[in-house]
Amino acid sequence: MATEATARGGYLDLLRAPHAARLLAGTLVGRLPNGTGPIAMTLFVRDQGGSYTLAGGLIAAYGVSNAIGQPLLGRAVDLRGQPRVQLPAAVLSALGMTLFALTGIGHLALAYAAVVVAGLFTPPLEGGLRALWPSVLGREDRVHRAYALDAVAQEVMFTVGPLLVTLLVALRSPAAALVVINVLGVLGALAVVLSEPSRTWRSAAREAHWLGALRSPGLLALLGSFFFVGLALGSITVAAVAYADDRGTPSVYGWLMAALGLGALVGGVVYGARQWAGAPERRLRVLVALLAVCYLPLMLTPGPVAMTGLSVLSGVFLAPVLACAFIVVDRHAPRGTVTEAFSWLVTTFGVGAALGSAVAGPAVELAGTVAGFAVAGAGGLVALLVLLATGRVLAAPAAAGDVARHAVGEAVPTAVHTEKNTH
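Residues numbered from 1 in each chain as written. Predicted model: local features only at pLDDT ≥ 70, side-chain atom pairs only at ≥ 80, totals over all residues. Heavy atoms only, no water.

Visitor: Could you give me a rundown of the overall build of the protein, with the residues and numbers involved?
Guide: Across its full length, the protein holds 18 helices and two strands. Burial analysis of the protein (423 residues in total) assigns 52% to the buried set. Long-range pairs, those at least 24 residues apart, make up 81% of the contacts in the protein between residues at least 6 apart in sequence. Accessible surface, the protein as shown: approximately 17100 Å² in total, 70% of it carbon and sulfur. (Helix = DSSP H or I, 4+ residues; strand = E, 2+ residues; numbered from the N terminus. Buried < 20%, exposed > 50% of the residue type's maximum accessible area, 1.4 Å probe, protein only. Contact = heavy atoms within 4.5 Å. Areas by Shrake-Rupley, 256 points an atom, 1.4 Å probe, with all protein chains shown as cover.)

Next up, the structure:
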């Protein structure tokens, strides 16, 4: 059940809050190197005379190292604070990619080492921003709406970022694009860590445990589901290329991806413009079910115009699913592990997307384009099944007794913003 949000609770109200616009913009700019990494690396490798296979290998090395680094750096943020981790990590990541841009692919060992450093030290700005929202916005309903705004802003970044890379390549070169994007990333991280909320934020005291955030059964259930949501999305990118090839019009691929992003943008705006009652875990099951259902019509593979419309439909529930998942993460993350928990979500989603791309390729080669889109539908359905099978675990966020619910709406007694256990 939902009620219309008042103007006071809209996106503009969130952005008017002290530090909110700066934190959101800084995080998006800081994430540009990661969001545009694959396309920038591919263009650079091809410009150097390298093959697509080499580009794929370097991108895979970057992605795997990023998947390893995100939760580790997220844990470090929870233990040490944001400025002491985020900015040094951003600088090291930028230096790694700059080294890659300067040395090229002449020495493959050096090229792989450079991209591994860049991926491993990618700062967990995404998880860090979500950890800051409670201290910046206060009320729980505003924090939840900020999660929706965050999901919408991601779609904007993933649309504008590749266009920026293309522009830099046209004006200068792929190497220059790599360097400039990473310099912008450092500047974005700097804007975040110099802000008062980032400087004063402290995680709640945490229980020493080698599993960290992963000791939460509810979080594990969510990660299991989102692995398959990522798999579905990753398979669509490959299947869309095959569809464009079938039609003999490569530009169709761009239209399909833009349409998917447009659908996610619209869905996120509509979702965030309302206040939602009831448990977010139950709402997430409904949203994932709708997401899975909307992936299935892609297997019809009609003409380009109709297919573009189906792509819009397939994206409508993506941003709402992400926004709702952020709330669930917040509810299930063990005390003092919130940044790490959000980083695990990013990592799991990314690994799932990579596997989806890897699975969709052979599926297309063996059984055609329809099979590629079938992988997306199957991924969505399995994601739903995981949520249904783990319903009891997800329904009890406080079962472990140490859940890190942010004390949104409570007064902060000192200048230091902290997470508080509300249980």
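Visitor: I'd love a proper account of empty space enclosed by the protein, names of residues and values included.
Guide: Over the atoms, a rolled probe matching the size of one water molecule traces out where space is still vacant. Scanning the model with the defined rule gives three cavities of 30 Å³ or more in all. By volume, the largest cavity amounts to about 80 Å³. Every residue along the wall of the largest cavity is listed here: Gly30, Pro33, Asn34, Tyr62, Ala90, Ser93, Ala94, Thr122, Pro123, Asn182, Gly185 and Val186. For the lining of the largest cavity, the class distribution of residues is six nonpolar, six polar and no charged. (1 Å grid on protein atoms, 1.4 Å probe; cavity = no way out; pocket = protein on both sides within 12 Å on 5 of 7 lines; lining within 4 Å. Points joined across faces, edges and corners; volume = space filled by probe spheres on them. Nonpolar A, V, L, I, M, F, W, Y, C, P; charged D, E, K, R; others polar.)

Visitor: Outline the packing of helix α11 (residues 217–247) against helix α15 (residues 318–332), supporting the account with residue identities and numerical values.
Guide: Axis separation between α11 and α15 bottoms out at 10 Å; the angle between their running directions is 160°. Overall, the two elements α11 and α15 adopt an arrangement that is roughly antiparallel. Our pair here, α11 against α15, has a crossing hand that is left-handed. Note on element contacts: α15 touches α11 through Leu318, Val321, Leu322, Ala325, Val328, Val329 and His332, opposite Gly218, Leu219, Leu222, Phe226 and Leu233. (Axes fitted to C-alpha atoms, helices over the stretch in contact; angles between N-to-C directions. Parallel < 35°, antiparallel > 145°, perpendicular 65-115°, else oblique. Left-handed = near helix turned anticlockwise from the far one by under 90°.)

Visitor: Please set out helix α12 (residues 251–272) residue by residue, giving values where relevant.
Guide: The end-to-end C-alpha separation of α12 is 32 Å, in line with the 32 Å expected for 22 residues at 1.5 Å each. Turning to α12, its buried residues are Val252, Leu256, Ala259, Leu260, Gly261, Gly263, Ala264, Gly267, Gly268, Tyr271 and Gly272. (Expected span 1.5 Å × (residues − 1).)

Visitor: Lay out the confidence of the model for the protein with the relevant residues and their values.
Guide: For the protein, the average pLDDT comes to 81, and 88% of its residues sit at 70 or higher. Contacts of residues 1–9 to residues separated by more than four positions or lying in other chains number 17 contacts, the stretch itself having pLDDT below 50. In the model, residues 398–423 has pLDDT below 50 throughout and makes 72 contacts with residues more than four positions away in sequence or in other chains. (pLDDT = per-residue confidence, 0-100.)

Visitor: I'd like to hear about the packing of aromatic side chains, residue by residue, with values.
Guide: Enumeration over the complete set of coordinates arrives at five aromatic pairs. Between Phe44 and Phe100, the ring centres sit 4.9 Å apart and the planes meet at 70°, which makes this aromatic pair edge-to-face. Of the two residues, Phe44 is situated in helix α3 (residues 32–47) and Phe100 in helix α5 (residues 83–103); the sequence distance between them amounts to 56 residues. Here Phe100 falls in the buried class, since its relative accessible area comes to 0%. Taking 5.3 Å as the distance between ring centres and 20° as the angle between the ring planes, the aromatic pair formed by Tyr271 and Trp276 counts as stacked. The class of Tyr271 is buried, set by a relative accessible area of 8%. (Phe/Tyr/Trp six-rings, centres within 6.5 Å; stacked < 30°, edge-to-face > 60°.)

Visitor: Please provide a residue-by-residue account of the pattern of salt bridges, values included.
Guide: Scanning the model with the defined rule gives three salt bridges in all. Where Arg331 meets Glu281, a salt bridge forms, and the shortest distance between an N and an O atom there is 2.7 Å. With Arg331 in helix α15 and Glu281 in helix α13 (residues 280–295), this residue pair connects regions lying 50 residues apart in the sequence. Residue class for Glu281 comes out buried when judged on its relative accessible area of 5%. (Salt bridge = Lys/Arg side-chain N within 4 Å of Asp/Glu carboxyl O.)

Visitor: Tell me about the side chain of Gln70, residues and numbers included.
Guide: When you line up the elements, Gln70 lands in helix α4 (residues 52–80). By relative accessible area, Gln70 is classed as buried at 6%. Sequence-distant contacts of Gln70, defined by excluding residues within four places in its chain, comprise Thr122, Pro123, Pro124, Ser343 and Thr347.

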